[in-house]
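Topology and contacts: notes
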Amino acid sequence: MDLKISVVIATKGRPDSLQACLRSISEQEVAAMEVIIVDQTHQPTEQETLQSVLGVSSASPRLIYHWDPAITGLPQARNVGVRLSSGDFIQFIDDDAALDKEYFVHLLPIFGDPFVGGGAGLIIEMGKEKRRLLRNLFFRLFYVGGFREDRTEVLLSPPSSRVVMHTLSGCGLYRRQIFDEFKFDEILIGHAIGEDLDFSYRVSQKWILILDPQALLYHYRLPGPWRNQRQSIFEKVLFYHYHFRKNMRGTFAEWLAFAWLNFGFLLDAFTYLNLDAIAGVFVGWRQIFERGIRFRPDPIKK
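First things first, this report covers the structure right here in the doc. (Residues numbered from 1 in each chain as written. Predicted model: local features only at pLDDT ≥ 70, side-chain atom pairs only at ≥ 80, totals over all residues. Heavy atoms only, no water.)

Along its 19 residues, helix α8 (residues 229-247) runs 27 Å from first to last C-alpha, staying within 8% of the 27 Å computed at 1.5 Å per residue. Of all 19 residues in α8, 15 are buried, a share of seventy percent or more. (Helix = DSSP H or I, 4+ residues; strand = E, 2+ residues; numbered from the N terminus. Expected span 1.5 Å × (residues − 1). Buried < 20%, exposed > 50% of the residue type's maximum accessible area, 1.4 Å probe, protein only.)

A few words on the layout of surface pockets. Roughly 250 Å³ of internal volume is contained in the second largest pocket. It is α8 that provides the largest number of residues to the lining of the second largest pocket, a total of five residues. (1 Å grid on protein atoms, 1.4 Å probe; cavity = no way out; pocket = protein on both sides within 12 Å on 5 of 7 lines; lining within 4 Å. Points joined across faces, edges and corners; volume = space filled by probe spheres on them.)

Looking now at the side chain of Arg-245. Within the element layout of this structure, Arg-245 appears in helix α8. Buried Arg-245, no salt bridge; nearest opposite-charge side chain is Glu-254, N-O distance 6.7 Å. From its side chain, Arg-245 meets the backbone oxygen of Phe-295 in a polar contact 3.1 Å long. Beyond its immediate chain neighbours, meaning those up to four positions away, Arg-245 contacts Gly-250, Trp-255, Ile-293, Arg-294, Phe-295, Arg-296 and Pro-297. (Lys, Arg positive; Asp, Glu negative; His and termini not counted. Salt bridge = Lys/Arg side-chain N within 4 Å of Asp/Glu carboxyl O. Polar contact = N/O pair within 3.5 Å; in protein donor to acceptor, adjacent residues only side chain to side chain. Contact = heavy atoms within 4.5 Å.)

Turning to helix α7 (residues 195-203), a few remarks are in order. The element α7 is extensively covered by neighbouring structure, given that eight of its nine residues are classed as buried. All buried positions along α7 are accounted for by Glu-195, Asp-196, Leu-197, Asp-198, Phe-199, Ser-200, Arg-202 and Val-203. Residues of α7 that are buried make contact with α3 (74-84), α6 (150-156), β8 (173-175), β9 (208-219) and α8.

Let us now look at the packing of helix α9 (residues 252-271) against helix α10 (residues 275-291). At a minimum axis separation of 7 Å, α9 and α10 run at an interaxial angle of 155°. What the angle tells us is that α9 and α10 run roughly antiparallel. Considering the relative orientation of α9 and α10, their crossing is left-handed. Residue-level contacts link Asn-262, Phe-265, Leu-266, Ala-269 and Phe-270 of α9 to Ala-277, Ile-278, Val-281, Phe-282 and Trp-285 of α10. Of the residues that constitute the contact of α9 with α10, the class distribution is nine nonpolar, one polar and no charged. (Axes fitted to C-alpha atoms, helices over the stretch in contact; angles between N-to-C directions. Parallel < 35°, antiparallel > 145°, perpendicular 65-115°, else oblique. Left-handed = near helix turned anticlockwise from the far one by under 90°. Nonpolar A, V, L, I, M, F, W, Y, C, P; charged D, E, K, R; others polar.)

The next subject is the environment of Gly-146. Checked against the element boundaries, Gly-146 lands in the loop between α5 (132-142) and α6. It is 7.8 Å that separates the C-alpha atoms of Gly-146 and Ala-257, two residues lying 111 residues apart in sequence.

Moving on to the nonpolar core. Ranked by internal contacts, the top residues of the largest apolar core, which has 32 residues, are Val-7, Ile-9, Leu-22, Ile-25 and Ile-93. For this core, the element with the most residues is helix α1 (residues 15-26), which contributes four residues. Listed in part, the 25 residues of the second largest apolar core include Ile-71, Ala-120, Phe-184 and Phe-199. (Core = buried A, V, L, I, M, F, W, Y, C linked by side-chain atoms within 4.5 Å.)

Turning to its location among the elements, Leu-267 is positioned in helix α9. In the structure, Leu-267 is positioned 129 residues away from Phe-138 in sequence and 8.9 Å away in space, judged by C-alpha atoms.

Below, the discussion takes up the pattern of salt bridges. Per the counting criterion, the structure on display carries 18 salt bridges. Arg-14 is the salt-bridge partner of Asp-95, the closest N and O atoms lying 2.6 Å from each other. Of this pair, Asp-95 sits in the loop between β4 (89-92) and β5 (97-99) while Arg-14 sits in the loop between β1 (5-11) and α1; the two residues are 81 residues apart in sequence, bridging distant segments of the chain. Both residues of the pair, Asp-95 and Arg-14, count as buried. Residue Arg-148 is joined to Glu-153 by a salt bridge in which the shortest nitrogen-to-oxygen separation is 3.2 Å. Among the residues examined, Arg-148 registers a relative accessible area of 32% and is labelled partly exposed. Each of the salt bridges in this network shares a partner with another, and the network as a whole consists of Asp-185, Asp-198, Arg-202 and Lys-246.

Turning to a nonpolar patch on the surface, a few remarks are in order. A cluster of nonpolar side chains, namely Phe-115, Val-164 and Ile-208, defines an oily patch on the protein surface of about 300 Å² accessible area. Mapped onto the elements of the fold, Phe-115 is located in the loop between α4 (103-107) and β6 (116-125). (Patch = residues over 30% accessible without salt bridge, like charges linked within 9 Å, V, L, I, M, F, W, Y side chains within 5 Å. Areas by Shrake-Rupley, 256 points an atom, 1.4 Å probe, with all protein chains shown as cover.)

Tallied over the full model, the rule gives 25 aromatic pairs. Between the aromatic rings of Phe-89 and Phe-111, the centroid separation amounts to 4.5 Å while the plane-to-plane angle is 55°, which identifies the pairing as tilted. Residue Phe-89 is located in strand β4, and its partner Phe-111 is located in the loop between α4 and β6; the two are separated by 22 residues in the primary sequence. Phe-111 carries the same exposure label as Phe-89, and that label is buried. Geometrically, the ring pair formed by Tyr-103 and Phe-104 is edge-to-face, given 5.5 Å between the ring centres and 80° between the ring planes. For the pair shown, Tyr-103 and Phe-104 are each scored as buried. Aromatic rings pair up to connect Phe-92, Tyr-174, Phe-179, Phe-184 and Phe-199 into one cluster. The positively charged end of Arg-78 is found above the aromatic ring belonging to Phe-184, 5.5 Å away from the centroid. Residue placement shows Arg-245 over the ring face of Phe-244; its charged tip is 5.5 Å from the ring centre. (Phe/Tyr/Trp six-rings, centres within 6.5 Å; stacked < 30°, edge-to-face > 60°. Lys NZ or Arg CZ within 6 Å of the ring centre and 35° of its normal.)

Here's what the structure looks like:
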């Protein structure tokens, strides 16, 4: 297929990892047409430096660099990137990730089915993750019912062949047409934990989403400059309440699953053995009760 690919990278304060990400894009066997960088860093980066990483030949992706430190978070940055793009397909990638050189070779064929709206590759977490066993245990025990995310399931138990998904990671590849109806939720500000879950969950209600385990993406999990442990945990607690009330019906079974998930958040926080983690859960709960536990946001499509 002769398809034009736009790659959107939202970045903030990680110039070295951004350049590593760009190198992986420049090495793709199926070349991207353009790379859109939406930079929220306080000082802009030299565009000539970034283009030199991508290459300067006629076959190199062209660079669109948008610097705006006033952007309020990752969803807004992604939406800006979509507006600046012109490809048939839009690939989102984090600035601390890199694509295997055959990523698009494996992933693009899924779009031969006109009902497939998006897809993603298998994420390979790089480096030693000390909490991997606990993460697996808590996911199995506490993420139940509508909160059982298949995007996490495939990380813990990678499939051997393509599978249909209801949620994808933030590093997904989507048809341009879906952005006529859907956008990332800009109510979720900052690092916006769960913005990818929210977006892909809504898209999956109308389109098929596919994960291809042969398309590999390497994630280096670099810390962002704007987060601490307390903030990270209370944002997670807040997001799952928001996702529950926005995207689910609110049945009795879902309320039970939500309560069980929050019990899991508290137990998980205790395993960190520091007060910041535990405080993060209680700060999240306090904010939930302040806005109303039965609060229901308006569904966001555009």
